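Inside the fold
The residues making up each chain are set out below.
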Amino acid sequence: MTRIWTAIMLFAVVAGSARGQAPTTAPAATAPTTTAPSGTATTSPADAASGVGVAVDRMSTPELMVRARAAIKEKKLRDAQGMFALASSREPDNTEIKLIGAEIAEANSDNENARRFYREILSADPAHFEANFRMGRAFNRANWWRQANGYLEKAARIAPTDRLGEVLTQWAQCQRGEKRFDEAAKTIENAVKQDPDSLEARGLQVTIRLDLKQFDQSIAAAKALEEIARAKVQNEPSNLESLRHLLDANLLLRESMRRAVEALNQVDSRGQATDRPLPGKEREIASLLIQLSEALVRENALRSVISKHELVMPLAERAVMYDPDNVRANVNLAVVYFDTANYQQAIDVCRRVLELDPGNAEAGRMLQSMNAPQTPTSAPAAAAADAPR
C-alpha cells in the first residue's frame, strides 16, 4: 500500500518524531573482549554484565536466530548478518536459518538472493509454507505475476488459519496483476473475511472494485476501510503510521466517489466524460459531491497534521535544543506537541515555559485544556491520560 475525524482536532493526532539513538558507550580499555568470526557482531562486556547478552560467538544457535530476527526488526542489518553467518556456519542445512538469510536479503532490497534462499528451502521441502508464501510475495513485489501465482496458490492451500488472510491478499494482488479481475475480487473478499481488520486487504478490495467499475461496491469498501483506519488513529492518536493509513483510506474513498460521479455524467461524441449529468441523475451526483467535499476537508486536515509531524516538529525541537531557555521556542514546541496529540511532551514543555516565564498565558491555557497542573504531581501520566482526544 501507499501512504494511509469529523473535526480538525480529531486529526491533530500524530506521533512524536523518531528520536536518534544515543551513541553506544565504548568499553573501558582494560575490559576483556571476545573476538567473533569475521563479519560477526559482538556484545560488549558492559552489555554482557548488564544482562543484554553474551558475546555472539558464545551464543547458542537458537539464541543467534532469535537475536538476528530482533536485529532485522530494529534495522540493524549488519548485526543480523553477522549472527546469521555464524549460525549458518554451524548448521548450513537449517531451513529456519536460511529464512533469516532471506529476511536480511529482503531488508537490503536484494530480492535475487532472497529468492535463492527460498529456492534452497523449497528444494529440500516443497511444502514449506513460509518459503512458498515469501517466494510468491517476492515475485509480486517484482511485478512477476505469472511466477508468483503458483507459489501463492500452494501457500493458500497449506497456510495456517491465522496467516490465510495475508496469503489471499497477496494472491489477489497477483491475480489483479494478471488482469484476472473477477478471480481477484473473489479472492480478496475471502481475504477480508479471514482478516477483517487488515488495511492492506481492504485497500486492495477497493482497488479491485474500481478495476471492475463497480463504484457502489468500491465506495462501500472504502468507507469500511476508512472506519477501521480511523479507529486505529483514535486508539493511538499520536501514531504517524496510523495517520498515513487513514489518509490512504481517505484518498481511496475520494477516488471511488470521483469515478462514480464521472460514470453518472454524459460523454461527448469522442467518448470523453463531461460535467453534464445523465438525465435524472442530478440528485445522486449531488449526494456524491457533498460526500466528496467532506472527504476533501478531512484530507486537508490530515495533511496538515502529518506536515506538523514531519516538517514542523523537527524544526521546533532543534530550536529548543540550540536555545533551551528561549521562551518563544519552547512555546512553539509545546503547541506542535499539543497539535500532534503528544500530550505528555506538551505538558512537560509547558511547565518548562512557566519556569522561564511564570505568567505565560499560552502555556497556562494549554495546561488547562489538558487538565494538567502547572507543577508535576506524583502521577504525571494521569494528566496526559485526561488530555483532549
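Residues numbered from 1 in each chain as written. Predicted model: local features only at pLDDT ≥ 70, side-chain atom pairs only at ≥ 80, totals over all residues. Heavy atoms only, no water.

Quick notes on the overall build of the protein
Inclusion rule: We count a stretch as a helix when DSSP gives it H or I for four or more residues in a row; a strand needs E for two or more, and each element gets its number in order from the N terminus. Accessibility here uses a 1.4 Å probe with only protein chains present; expressed as a share of the type maximum, an area under 20% marks a residue as buried, one over 50% as exposed, and anything in between as partly exposed. Methods summary: accessible areas were calculated by the Shrake-Rupley approach with a probe of 1.4 Å, and residue burial reflects only the protein chains presented.
A tally of helices and strands in the protein yields 18 helices and 2 strands. Counting the 389 residues in the protein, one finds 44% classified as buried. Total accessible area on the protein stands at roughly 20,700 Å², and carbon and sulfur atoms take up 51% of it.

As for the environment of isoleucine 121
Let me state the cut-off plainly: We call two residues contacting when some pair of their heavy atoms lies within 4.5 Å.
Relative to the helices and strands, isoleucine 121 resides in helix H6 (residues 111–124). Residues isoleucine 121 and aspartate 93, spaced 28 residues apart in sequence, show a C-alpha to C-alpha distance of 8.8 Å. Once residues lying within four places of it in the same chain are set aside, the contact partners of isoleucine 121 are Thr95, Lys98, Leu99, His128 and Ala131.

Overview of unusual backbone geometry
Working note: non-glycine residues mostly have negative phi, and peptide bonds are mostly trans. Even without glycine at this site, lysine 213 takes up a positive phi of about 60°. Mapped onto the fold, lysine 213 is located in the loop between helix H11 (199–211) and helix H12 (215–235). On the basis of relative accessible area, lysine 213 is assigned to the exposed category, the value being 58%.

Observations regarding helix H9 (residues 164–177)
Applied cut-off: A helix is expected to span 1.5 Å for every residue after the first.
Helix length check: H9 (14 residues) gives 20 Å between terminal C-alpha atoms against 20 Å at 1.5 Å per residue, within 8%. Most of H9 is tucked away: 10 of the 14 residues are buried. All of the buried residues along H9 are Leu164, Gly165, Val167, Leu168, Thr169, Gln170, Trp171, Ala172, Cys174 and Gln175. Looking at the buried positions of H9, the neighbouring elements they touch are helix H7 (129–141), helix H8 (145–158), helix H10 (181–194) and H11. Lysine 179 occupies a position one or two residues after H9 and carries a positive phi of about 65°.

With respect to the nonpolar core
What counts is decided by this rule: Nonpolar core, defined: a set of buried Ala, Val, Leu, Ile, Met, Phe, Trp, Tyr and Cys residues in which side-chain atoms within 4.5 Å join the residues together.
One finds Leu64, Ile100, Tyr118, Val167, Ile188 and Ile208 to be the most contacted residues of the largest nonpolar core, which totals 48 residues. Grouped together as the second largest cluster of nonpolar side chains are 29 residues, Leu210, Leu225, Ala249 and Met257 included.

Re the confidence of the model for the protein
Let me state the cut-off plainly: Summary of the metric used: pLDDT quantifies the predictor's per-residue confidence within the range 0 to 100.
For the protein, the mean per-residue pLDDT works out to 86, and 83% of the residues sit at or above 70. Overall, residues 1–53 carries pLDDT values under 50, and its contacts beyond four positions in sequence, including any with other chains, amount to 111 contacts. The low-confidence segment residues 379–383, where pLDDT is below 50, has 7 contacts with residues more than four positions distant or belonging to other chains.

Concerning the pattern of salt bridges
To be explicit about the condition: Salt-bridge detection follows one rule: a side-chain nitrogen of Lys or Arg within 4 Å of a carboxyl oxygen of Asp or Glu.
Within this structure, the stated rule accounts for 29 salt bridges. Close ionic contact of glutamate 120 with lysine 98 constitutes a salt bridge, the shortest N to O distance being 2.8 Å. Pair noted here: glutamate 120 is in helix H6 and lysine 98 is in helix H5 (residues 95–107), with a separation of 22 residues, a long-range link. Its relative accessible area of 30% is what places glutamate 120 among the partly exposed residues. Of the charged contacts, one joins arginine 298 and glutamate 226 as a salt bridge, the two residues approaching to 3.2 Å between their closest N and O atoms. In this pair, arginine 298 is assigned in helix H14 (residues 282–322) and glutamate 226 in helix H12, connecting sequence segments 72 residues apart. Like arginine 298, the residue glutamate 226 is buried in the burial classification. Taken together, the shared-partner salt bridges in this structure form one network comprising Arg69, Glu96, Glu103, Glu130, Arg134, Arg163 and Glu166.

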